Amino acid sequence: MKLQSQKKIPKVTVCVITYNQEMYIRECLQGIIDQHTSFVFEVIVGDDCSTDSTRQIILEFAERYPGVIIPVLHKGKVGGNFNYIDCHNRARGQYVAHVDGDDLVLPGKLQSQADYLDENQDCSVVWHRMNVFDDIGSYCVPNLPDLTMFKDGRVYLQDLLEFGSVSFHSSTMYRACLLYTSRCV
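Cut-offs applied
- Residues numbered from 1 in each chain as written.
- Predicted model: local features only at pLDDT ≥ 70, side-chain atom pairs only at ≥ 80, totals over all residues.
- Heavy atoms only, no water.
- Helix = DSSP H or I, 4+ residues; strand = E, 2+ residues; numbered from the N terminus.
- Buried < 20%, exposed > 50% of the residue type's maximum accessible area, 1.4 Å probe, protein only.
- Contact = heavy atoms within 4.5 Å.
- Areas by Shrake-Rupley, 256 points an atom, 1.4 Å probe, with all protein chains shown as cover.
- Pairing = 2+ DSSP bridges.
- Disulfide = S-S within 2.5 Å.
- Axes fitted to C-alpha atoms, helices over the stretch in contact; angles between N-to-C directions.
- Parallel < 35°, antiparallel > 145°, perpendicular 65-115°, else oblique.
- Left-handed = near helix turned anticlockwise from the far one by under 90°.
- Nonpolar A, V, L, I, M, F, W, Y, C, P; charged D, E, K, R; others polar.

Where do I start with the overall build of the protein chain in this structure?
Along its length, the protein chain carries 5 helices and 8 strands. Beginning at the N terminus, the succession of helices and strands in the protein chain can be written as β-α-β-α-β-α-β-α-β-β-β-α-β. In the protein chain, buried positions account for 43% of the 185 residues. A sequence separation of at least 24 residues applies to 76% of the contacts in the protein chain between residues at least 6 apart. Of the roughly 10,600 Å² of accessible surface on the protein chain, 55% is carried by carbon and sulfur atoms.

Spelled out as structure tokens, the structure:
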């Protein structure tokens, strides 16, 4: 995707939720901006009234990438749940990806997830495995099930009800029309 001020409706909206993440938000946003895609995407960044330099970094990115980085800077603390819902409600894309402000994305994430959803109309949400690390770079072992236990690598509602979560926020992309049936094509 060529980064420029965008007038087109994006195919993918990336929702980034942040609060006091000045140590991570720059690398998080740059990793999203650096995604190579065959489609237009937007990045909505919801900041929950950070007290460190997180807001300034978001505004710097919004100025550098107008129409791509869309800041939502709450004037008072609204809490993580409201920030998440508000950010996702603003999404205009056919697909919505979520990335926490202290997480990083690898090249190809947006393209491969959107391609999978394009090719599998019966699929509602996709996710990928993640490496989890702490502030000093040590890898942590995520407490998630081994996906080989699911037939054909697909997880169904009954599986989620039985086993609980099988993904992390920052690995997901879903069809926006699932939340807003009026947007289903």
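Help me understand the pairing of strand β4 (residues 95–100) in this model?
Every other side chain in a regular strand lies on the same face of the sheet, so the side chains alternate between the two faces. Of all the 6 residues making up β4, 5 are buried; the element is thus mostly covered by neighbouring parts of the structure. Bridge count between strand β1 (residues 12–18) and β4: 6 bridges; the pairing is parallel. From the neighbouring strand, Val-16 faces β4, where its bridge partner is Val-99. In this structure, β4 lies alongside strand β8 (residues 173–175), joined through 3 bridges in antiparallel fashion. By the bridge assignment, Val-96 is partnered in β8 with Tyr-174.

I keep staring at the state of the cysteines and nothing clicks. Help me out?
Working definition: the covalent bond between the sulfur atoms of two cysteines is a disulfide. Applying the stated criterion across every chain yields a total of 0 disulfides. Among the cysteines around Cys-15, which has no disulfide bond, Cys-87 carries the closest sulfur, lying 3.8 Å off. Given the relative accessible area of 0%, Cys-15 is considered buried.

Please explain the packing of helix α1 (residues 25–33) against helix α2 (residues 54–64) as it appears in this structure.
A pair of packed helices is captured by two measures, namely the crossing angle of their axes and the spacing between those axes. Remark: α1 packs on α2, axes separated minimally by 10 Å, with the N-to-C direction vectors making an angle of 25°. The orientation of α1 relative to α2 falls into the category roughly parallel. Two packed elements cross with a definite hand, and for α1 against α2 that hand is right-handed. Across the interface between the two elements, Ile-25, Arg-26, Leu-29, Gln-30 and Ile-33 of α1 pack against Thr-54, Ile-57, Ile-58, Glu-60, Phe-61 and Arg-64 of α2. Class assignment for the residues of the contact of α1 with α2 results in 6 nonpolar, 2 polar and 3 charged.

Could you clarify how one ought to interpret α1 in this entry?
Since one α-helical turn is 3.6 residues long, residues separated by three or four positions face the same way. Residues Ile-25, Cys-28, Leu-29, Gly-31, Ile-32 and Ile-33 constitute the buried set of α1. Looking at the packing, one finds that the buried side of α1 touches β1, β2 (41–47), α2, β3 (69–73) and β4.

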